[in-house]
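Commentary on secondary and tertiary structure
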There are 2 protein chains.
Amino acid sequence: MENATLNVQGMSCNHCVKAVEGGVGELNGVTSVKVNLNEGTVAVEYNPEKVNLAAIKEAIDDQGYEVE
Amino acid sequence: MENATLNVQGMSCNHCVKAVEGGVGELNGVTSVKVNLNEGTVAVEYNPEKVNLAAIKEAIDDQGYEVE
């Protein structure tokens, strides 16, 4: 497993948390995803043999949020 | 028809808009509901014979937002 913490713009409420955690969490290979609303971060744990950071960033982007 | 504009705390993103507009819009007697995110307001048009402001405020509260 690998871990990454991404800085993400625009997450403002619990709906945003659910959207991001839902979108990232349904990726095959993502084993954990946790949004910190106060810090504006998304912490992910993933299996690098199944998924990469580019796909994770795209899943966040697809929900309408900008990864720095 | 009657119109009212309510000041509502905590609406921060488009998910909030959908939650409030959905919750209020499904009330019988509400003919129009429009959230203004920048101003923090909810404008409603409703038939006072079918629904009242108390029920509208409760629908907003039920979505997790505070009506001033």
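Attention in this report is confined to the structure presented alongside it. (Residues numbered from 1 in each chain as written. Chains lettered and ligands numbered in written order. Predicted model: local features only at pLDDT ≥ 70, side-chain atom pairs only at ≥ 80, totals over all residues. Heavy atoms only, no water.)

Brief notes about the sheet that holds strand β4 (residues 66-67) of chain A
All names here are of chain A.
- Taken together, four strands build an open sheet; the order of strands is β2-β3-β1-β4 and the sheet is antiparallel. Of all strands in the sheet, those with a lone pairing partner are β2 (30-36) and β4, marking the two edges.
- In the sheet, strand β1 (residues 2-9) pairs with strand β3 (residues 41-46) via six bridges, with the strands oriented antiparallel. For T5, the partnering residue across the bridge sits in β3 and is A43.
- Contacting β2 and β3, helix α1 (residues 14-25) runs over the sheet at an angle of about 165 degrees to β2.
- Here helix α2 (residues 53-62) sits on the sheet and contacts β1, β2, β3 and β4; the angle it forms with β1, its principal contact strand, is near 30 degrees. (Pairing = 2+ DSSP bridges. Helix = DSSP H or I, 4+ residues; strand = E, 2+ residues; numbered from the N terminus. Contact = heavy atoms within 4.5 Å. Axes fitted to C-alpha atoms, helices over the stretch in contact; angles between N-to-C directions.)

Quick word on the interface of chain A and chain B
- In this assembly, six residues from chain A lie in contact with six residues from chain B.
- When residues of chain A are sorted by the area they lose upon contact with chain B, A:S12, A:C13 and A:H15 head the list and together hold 77% of the total.
- Applying the counting criterion to the chain A and chain B interface returns zero salt bridges.
- Linking chain A to chain B there are three residue pairs in polar contact (both at pLDDT 80 or more). (Buried area = accessible area lost by both parts, 1.4 Å probe. Salt bridge = Lys/Arg side-chain N within 4 Å of Asp/Glu carboxyl O. Polar contact = N/O pair within 3.5 Å; in protein donor to acceptor, adjacent residues only side chain to side chain.)

Don't take any of this as a statement about function, it's just geometry.
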